[in-house]
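# Residue-level structure breakdown
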Amino acid sequence: MAFLSTKTGQFTYFAQQLGETNWRGKNVLDFGGNVGNILRDPNSTIDHERYWCLDVVPESIEQGRAEFPKAHWIFYDRYCFFFNPDGVERLDLPRFEEPFDYIVAYSVFTNTPRADMLQLVGQLEDRLAPHGALAFTFIDPHYHSWPDRYGSNNLVWRLEREIFLEGEKGNTLNIDVRALSERARDASWFVLVNGEDLYLETEDVPRYEPERQRTYHAFYTVEYMRSLFPRATILPPANDEMQHCCVIRNGQ
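This write-up is about the structure you can find in this document. (Residues numbered from 1 in each chain as written. Predicted model: local features only at pLDDT ≥ 70, side-chain atom pairs only at ≥ 80, totals over all residues. Heavy atoms only, no water.)

## What to know about the pattern of salt bridges
For the structure on display, the rule yields 14 salt bridges. Residues Arg90 and Asp116 are paired through a salt bridge, measuring 3.6 Å at the closest nitrogen-oxygen approach. Here the residue Arg90 occupies a position in the loop between strand 3 (72–75) and strand 4 (100–105), and Asp116 occupies one in helix 3 (residues 114–125), the gap between them amounting to 26 residues. For Asp116, a relative accessible area of 13% puts it in the buried group. The salt bridge involving Glu182 is made with Arg185; its shortest N-O contact spans 2.8 Å. The class for Glu182 is partly exposed, based on a relative accessible area of 45%. Note on Arg185: relative accessible area 49%, which makes it partly exposed. (Salt bridge = Lys/Arg side-chain N within 4 Å of Asp/Glu carboxyl O. Helix = DSSP H or I, 4+ residues; strand = E, 2+ residues; numbered from the N terminus. Buried < 20%, exposed > 50% of the residue type's maximum accessible area, 1.4 Å probe, protein only.)

The following block contains the structure:
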């Protein structure tokens, strides 16, 4: 079943993180932009004809093109757990005639293996215009995003969310939230598959057949992301969200 996002607010989030609200006249690549909800944000100042969306879900590209015909829509047939399980593994990004002033990726590398993230970030940097910026989100599992409203960290929130979402489907996800959280307590990065399979600081995640693919969540601490991207600026969550932001500027 295709995933069509209903979330808005991405423009406000990235405008705050990049320190710029006026994006008129800027070429923008929305990597993993789904149906282009960043354009629906009431604060958005993106010129539709200067907006490109690249996504692994063909239905999202079709819907986005129908709703925003002046924008540019590109299906990226790369393998992605659950979202495009029949895609091509490690497929390079397409080339573009235009360099981009802003490249944004909201909740993309939170669902991507570490090796793929490193490959893709390097290729996205190559597509920046002079003085352009790449901004992408990640989730620190040990961070408390809403300390005044929620007492646990981001990992516990995700585990409880997985239980809730499966319950909405009529399924019971029997996991020990406390035990899984304790296992990950000292980890710098890890992957949580299907809400219950935890792989700590390893790329050695076994194959899951497409019918067994439900969710894939990658977590990285702030300190670990700084070690991976030493030129980047790491910013705390904004716009009341749980995701940190990694900003890499061309020429920084």
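## Regarding the pairing of strand 7 (residues 197–200)
In the sheet, strand 6 (residues 189–193) pairs with strand 7 via 4 bridges, with the strands oriented antiparallel. Opposite Val193, over in strand 7, you have Asp197 as the bridge partner. (Pairing = 2+ DSSP bridges.)

## Thoughts on unusual backbone geometry
In terms of backbone geometry, most residues other than glycine have negative phi values and most peptide bonds are trans. A positive phi angle, close to 55 degrees, is found at Asn34, a residue other than glycine. Summarising the element assignment, Asn34 is placed in the loop between strand 1 (28–31) and strand 2 (51–55). Residue classification places Asn34 among the buried positions, given a relative accessible area of 6%. Phi angles above zero are rare outside glycine, and Asn194 is one such case at about 55 degrees. Among the structural elements, Asn194 can be located in the loop between strand 6 and strand 7.

## Overview of helix 2 (residues 58–67)
The complete set of buried residues in helix 2 reads Ser60, Ile61 and Gly64. One side of helix 2 holds all its buried residues, which, seen down the axis, span an arc of 100 degrees. Projecting away from the buried face of helix 2 at angles above 90 degrees are the exposed residues Glu62 and Ala66. In this structure, the buried side of helix 2 is in contact with strand 2 and strand 3. (Arc of directions from axis to C-beta. Contact = heavy atoms within 4.5 Å.)

## Remarks on the sheet that holds strand 4
Pairing between the strands of a sheet comes from backbone hydrogen bonds, and it takes one of two forms, parallel or antiparallel. Pairing within the open sheet is mixed, and its 7 strands lie in the order 3-2-1-4-5-10-9. For this open sheet the edge positions go to strand 3 and strand 9 (233–235), each flanked by a neighbour on one side alone. When the angles between neighbouring strand axes are averaged without regard to direction, this sheet yields 15 degrees. Note: strand 4 against strand 5 (residues 128–138), 5 bridges, orientation parallel. Considered in strand 5, the bridge of Tyr102 is made with Ala133. Along the sheet, helix 1 (residues 10–18) contacts strand 4, strand 5, strand 9 and strand 10 (244–249); its crossing angle with strand 10, the most-contacted strand, is approximately 55 degrees. In the packing of helix 3 onto the sheet, contacts are made with strand 1, strand 4, strand 5 and strand 10, and the angle to strand 5 comes to roughly 155 degrees. (Axes fitted to C-alpha atoms, helices over the stretch in contact; angles between N-to-C directions.)

## With respect to the sheet that holds strand 6
Reading across the sheet, the 3 strands line up as 7-6-8 and stay open at both edges, with antiparallel pairing between neighbours. This sheet does not close on itself; its edge strands, each paired only once, are strand 7 and strand 8 (216–220). Neighbour to neighbour, the strand axes of the sheet diverge by 15 degrees on average, direction disregarded. With 5 bridges joining them, strand 6 and strand 8 adopt antiparallel strand pairing. Opposite Leu192, over in strand 8, you have His217 as the bridge partner.

## Comments concerning the pairing of strand 6
A large share of strand 6 lies buried, amounting to 5 of its 5 residues. Neither face of strand 6 is left uncovered, since the one carrying Trp189, Val191 and Val193 and the one carrying Phe190 and Leu192 both have all their residues buried. Between the end of strand 6 and the start of strand 7, which pair antiparallel, lie 3 residues, with Asn194 showing a positive phi angle near 55 degrees.

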